[in-house]
Amino acid sequence: MNRLTTSQITASLAMLLLSTGAALMTGASPQSILLPILAGVAVLLICARGQGRDEPARTVMIDPPELADHPDFRDFLEAIADPLMLVDKGRILRANRAAQRLLGAHIEGEDARIAIRHPAAAERLAHAGPMAEPAVVELVGLGTRDQRWQMQLAPFGEGAQVRRLVHLVDRSGAYAAERMRVDFVANASHELRTPLAGILGFIETLADPELGKDDETRQRFLKIMDGEARRMQRLIDDLISLSRIEAEKYRAPDSTVNLSELVAEVVGVFRSSHGDRGREVEMDIAPALPGVQGDRAQLSQLLHNLIGNSIKYGRPGTPIHVILNEGPGSMARLTVTDEGEGIGPDHLPRLTERFYRVDSGRSRAMGGTGLGLAIVKHIVERHRGRFDIASTLGKGTSITVLLPPAQVESPSAKAIS
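In this text the structure is predicted, and so the values were computed from the model without any measurement.

### Considerations on the sheet that holds strand β9 (residues 281-285)
Ordered by their spatial adjacency, five strands build an open sheet running β9-β11-β12-β14-β13, and the pairing between neighbours is mixed. The two strands at the open ends of the sheet, each matched to only one other strand, are β9 and β13 (386-392). Taken pair by pair, the neighbouring strands of this sheet meet at an average axis angle of 10 degrees, ignoring direction. Taken together, the seven bridges between β13 and strand β14 (residues 396-403) define a ladder with antiparallel strand orientation. Note on β14: the bridge partner recorded for I389 is I399. Its contacts with the sheet put helix α10 (residues 259-273) on β9, β11 (320-326), β12 (332-338) and β14, and the angle it makes with β9 is roughly 170 degrees. Strands β13 and β14 of the sheet are contacted by helix α14 (residues 372-382), whose axis makes an angle of about 145 degrees with β13.

Okay, here's the thing in structure tokens:
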């Protein structure tokens, strides 16, 4: 039987905190010490149950085999949002609701290796000897095929030679973010390397004294080099723009923008600067629309990207419709529609990924950077709006953006300010 007095519990908690701080200062990862902390706190809190601050020190008796059945231990398990289980001699004694949702409501009393069904986990769970230190195991495919989990095991209570506290941490989001970062760096490097290689090749050619004398060849090469350099400039500008938008994504815009006026302005720019194709841009703006809560420069960029895409990928000679009217909940609804080849349903979910292209060769030939719709998506997110792409093969594509109206300041707020 364990006998702990109030002073012993207080001292144990103090030692637990001191050891935790020391472990972190020496470079230990937070994950490697999390489970021992949880286990220690659970036991100490259960032992401390019922001892008031002003009560005299008295003895609390806890029988370790009965600890798993203690009401406070069950409460402790449920207080953890992640799947958490107590395993004894290879069998799951207790599992919180998160673990039961992941592995099944029947897992209590079941062999842990059957419940988790992963070779790396089975090897660790089968080991019944004393644990020198907490263990961490990476699991792939638990739950769904793409999910990645980190299984952390730590000894628990006096039955440490056979009992384990098993904590499952969902690492899918962190893994996906890391993959996105790696892919982004690789794609950006590739996009910059291609035009740079062309520029360097033409410079080496023009450095040849014989070829340098041919004025026609030199002018043709210089024109190609100029195009490649401008392509790199567009890509760098888009990368910088995307970085700025992401940096501000959690700070909602606080200005009021007259979207009707801005749409008319941008459409006018396209009509005057894109020749016959620009004059095919048609505009339909509903009267008396309220302003939107937004950043004017970013909304202008959004319009340029959407209309520019329609000009690039719509069939020449067909109209491009830019429609602005009132949407649900007094939101402003902007729709840009073209009549082109359309986009297959397999591509639609990935269109806002950075550097994703339906037709890479055609996109590059038209000067696209592969970042236009990614920028549009982040602008919409920052404006707390909604974004939808609909397309039919052979007919065309329609992109709809919903933006919330500007907040009307109350007279009392104006008086205070």
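### Overview of the pairing of β12
In terms of burial, β12 is a largely internal element, five of the seven residues being buried. Across six bridges, β11 lies against β12 in antiparallel orientation. Counterpart to V322 in the pairing with β12 is V336. Counting the residues between successive antiparallel strands, the hairpin from β11 to β12 contains five residues, one of them, G329, with a positive phi of roughly 65 degrees. Two strands pair when backbone bridges link them, and β12 and β14 are joined in this way by seven bridges, in the antiparallel orientation. Considered in β14, the bridge of A332 is made with L403.

### Re α14
Extensive coverage of α14 is indicated by the burial of eight of its 11 residues. Of the residues making up α14, those classed as buried are L373, A374, I375, V376, H378, I379, V380 and R382. As for α14, its buried residues are in contact with α9 (215-247), α12 (296-313), β13 and β14. Immediately beyond the C-terminal end of α14, within one or two residues, lies R384, with a positive phi of roughly 60 degrees.

### Looking at the pattern of salt bridges
Enumeration according to the criterion identifies 13 salt bridges in this entry. Linking R296 and E261 is a salt bridge whose minimum nitrogen-to-oxygen distance equals 3.7 Å. In this pair, R296 sits in helix α12 while E261 sits in helix α10, placing the two residues 35 residues apart along the sequence. On the basis of relative accessibility, which here comes to 47%, the residue E261 falls in the partly exposed class. The residue E280 makes a salt bridge to R277 at a minimum N-O spacing of 2.4 Å. Under the relative-accessibility criterion, R277 is labelled buried at 11%. Here the salt bridges do not stand alone but share partners, grouping E248, R251, D295 and R382 into one network.

### With respect to empty space enclosed by the protein
Evaluated as defined, the whole model comprises three cavities of 30 Å³ or more. The space that makes up the largest cavity amounts to roughly 70 Å³. Every residue along the wall of the largest cavity is listed here: L259, S260, L289, P290, V292, L324, N325, E326, S330, M331 and A332. Top element by residues in the lining of the largest cavity is β11. It accounts for three residues.

### So, the packing of aromatic side chains
Here the structure, examined in full by the defined rule, presents one aromatic pair. Ring plane angle 45 degrees and centroid distance 4.7 Å describe the contact between F202 and F221, whose orientation is recorded as tilted. Residue F202 is found in helix α7 (residues 172-206), and its partner F221 is found in helix α9; the two are separated by 19 residues along the sequence. With a relative accessible area of 11%, F221 lands in the buried category.

### Points about the sheet that holds strand β7 (residues 163-170)
Spatially, β4-β3-β7-β6-β5 is the arrangement adopted by the five strands of the open sheet, whose pairing is antiparallel. Where the open sheet ends on each side, the last strands, each with one partner, are β4 (91-95) and β5 (135-140). The mean inter-strand angle of the sheet, taken between neighbouring strand axes irrespective of direction, is 30 degrees. Relative to β7, strand β6 (residues 148-155) runs antiparallel, the two sharing seven bridges.

### Describing the layout of surface pockets
Here the second largest pocket is characterised by a volume of approximately 500 Å³. As for the second largest pocket, its lining consists of 18 residues, of which M180, D183, F184, E353 and R354 are closest to the centre. Listing elements by their share of the lining of the second largest pocket, those giving two or more residues are α7 and α14. With six residues, α7 is the largest single contributor of residues to the lining of the second largest pocket. Considered class by class, the residues forming the lining of the second largest pocket number six nonpolar, three polar and nine charged.

### So, the nonpolar core
If you look at the biggest cluster of nonpolar residues, it comprises 41 residues, and the most contacted ones within it are L259, V263, L299, L302, L306, I307 and L334. Going through the elements one at a time, α9, α10, α12, β11, β12, α14 and β14 are the ones with two or more residues in this core. Setting aside chain neighbours within four positions, we find V263 in contact with M283, I285, L303, V322, L324 and L334. Among the nonpolar cores identified, the runner-up in size contains 21 residues, and L103, I116, L125 and A135 belong to it.

Calculation rules
Every chain begins its residue count from 1, and numbering advances along the sequence as written. Only residues with pLDDT of at least 70 are given local features in this predicted model, and only at 80 or more are side-chain atom pairs given and counted; all residues enter the totals for whole chains, interfaces and linings. Side-chain metrics rest on all non-hydrogen atoms present in the structure, leaving aside hydrogens and water. Between any two strands, at least two bridges found by DSSP are needed for them to pair. Each helix is a run of H or I in the DSSP string that is no shorter than four residues. Each strand is a run of E no shorter than two, and both are numbered from the N terminus. Geometry is summarised by axes, namely lines fitted to C-alpha atoms with helices restricted to the contacting stretch, and by angles between N-to-C directions that run from 0 to 180 degrees. Residues count as neighbours in contact if any of their non-hydrogen atoms are within 4.5 Å of one another. The buried label goes to any residue with under 20% of its type's maximum accessible area, the exposed label to any with over 50%, and the partly exposed label to all in between, with areas taken from a 1.4 Å probe on protein chains only. Basic side-chain nitrogens of Lys or Arg form a salt bridge, by our definition, when they fall within 4 Å of a carboxyl oxygen of Asp or Glu. Two kinds of site are reported from a 1 Å grid over the protein atoms alone, namely cavities, where a 1.4 Å probe fits but cannot get out, and pockets, open sets with protein on both sides within 12 Å along at least five of seven lines, and residues are called lining when an atom falls within 4 Å of a point. Grid points are joined across faces, edges and corners, and a volume is the space filled by probe spheres set on the points. Aromatic pairs are defined between Phe, Tyr and Trp rings, using the six-membered ring for Trp, whenever the two ring centres lie within 6.5 Å; interplanar angles under 30 degrees are classed as stacked, those over 60 as edge-to-face, and all others as tilted. Charged means Asp, Glu, Lys or Arg here, nonpolar means Ala, Val, Leu, Ile, Met, Phe, Trp, Tyr, Cys or Pro, and polar covers whatever is left, Gly included. By nonpolar core is meant a set of buried Ala, Val, Leu, Ile, Met, Phe, Trp, Tyr and Cys residues that side-chain atoms within 4.5 Å join together.

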